[in-house]
Amino acid sequence: HEVASTVSQLEEIAQVSTLLLRNMLPDVVCEVYLRDGLCTRVVHDFQSVSVAFMQLTVDTQQDIQTQVMYINSVFTSMDSFCDKHGVEKIKTIGSVYMLVSGCPTD
């Protein structure tokens, strides 16, 4: 019983780790890490890649719920933009949105 419980906990941790990895890295890099291990070096040479950071400025005089709703609205619009134009959203941290374009996904 104790071994089965430990195995179940490890499987749950592995699932959470995979989700975190997929949220932090482009899919193509994530697949390499999941297949070959995190110690694998992933190096690619691309002719034209752009990395962009968008920092939102929020009105700190507004209540926190209004600030979060504003950030969520803008980030949802950015997600739609990325999906429509083949741009890879890398991650969001607080009110910062990071994206990459020109990086092949296959």
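As shown above, the structure is provided for reference.
Model, not experiment: these values are computed from the prediction.

Novice: Explain the pattern of salt bridges residue by residue, including any values.
Specialist: One pass over the structure, following the stated rule, counts three salt bridges. A salt bridge links Arg22 to Glu31, with the shortest nitrogen-to-oxygen separation between them at 2.7 Å. The exposure class assigned to Arg22 is partly exposed, which follows from its relative accessible area of 34%. Asp79 serves as the salt-bridge partner of Lys89, at 3.4 Å between the closest nitrogen and oxygen. Pair noted here: Lys89 is in strand S2 (residues 88–93) and Asp79 is in helix H3 (residues 64–85), with a separation of ten residues, a long-range link.

Novice: Provide a residue-level description of the sheet that holds strand S3 (residues 96–101), including the pertinent values.
Specialist: Two strands in a sheet stick together by hydrogen bonds in their backbones, pointing the same way (parallel) or opposite ways (antiparallel). Ordered by their spatial adjacency, three strands build an open sheet running S1-S3-S2, and the pairing between neighbours is antiparallel. Every other strand in the sheet has two partners, leaving strand S1 (50–55) and S2 as the edge strands with one partner each. Across the sheet, the axes of successive neighbouring strands diverge by a mean angle of 15 degrees, strand direction being ignored. Both S1 and S3 contribute to a ladder of six bridges, which runs antiparallel. Paired with Val51 across the two strands is Val100, which belongs to S3.

What counts as what
- Residue positions within a chain follow its written sequence, with the count starting from 1.
- The predicted nature of this model means local features are confined to residues of pLDDT at least 70 and side-chain atom pairs, given and counted, to a pLDDT of 80 or more, with totals for whole chains, interfaces and linings taken over all residues.
- Excluded from the side-chain calculation are hydrogens and water; included are all heavy atoms of the structure.
- Any carboxyl oxygen of Asp or Glu within 4 Å of a side-chain nitrogen of Lys or Arg constitutes a salt bridge here.
- Buried means the residue's accessible area, taken with a 1.4 Å probe over protein chains only, is under 20% of the maximum for its type, while exposed means over 50%, and partly exposed covers the values in between.
- Strands are runs of DSSP state E lasting at least 2 residues, helices are runs of H or I lasting at least 4, and numbering of each runs from the N terminus.
- Two strands form a pair only when DSSP identifies at least two bridges running between them.
- Working convention: axes come from line fits to C-alpha atoms, limited for helices to the stretch in contact. Angles between N-to-C directions cover 0 to 180 degrees.

Interpretation note: all reported values are geometric properties and have no functional meaning in isolation.
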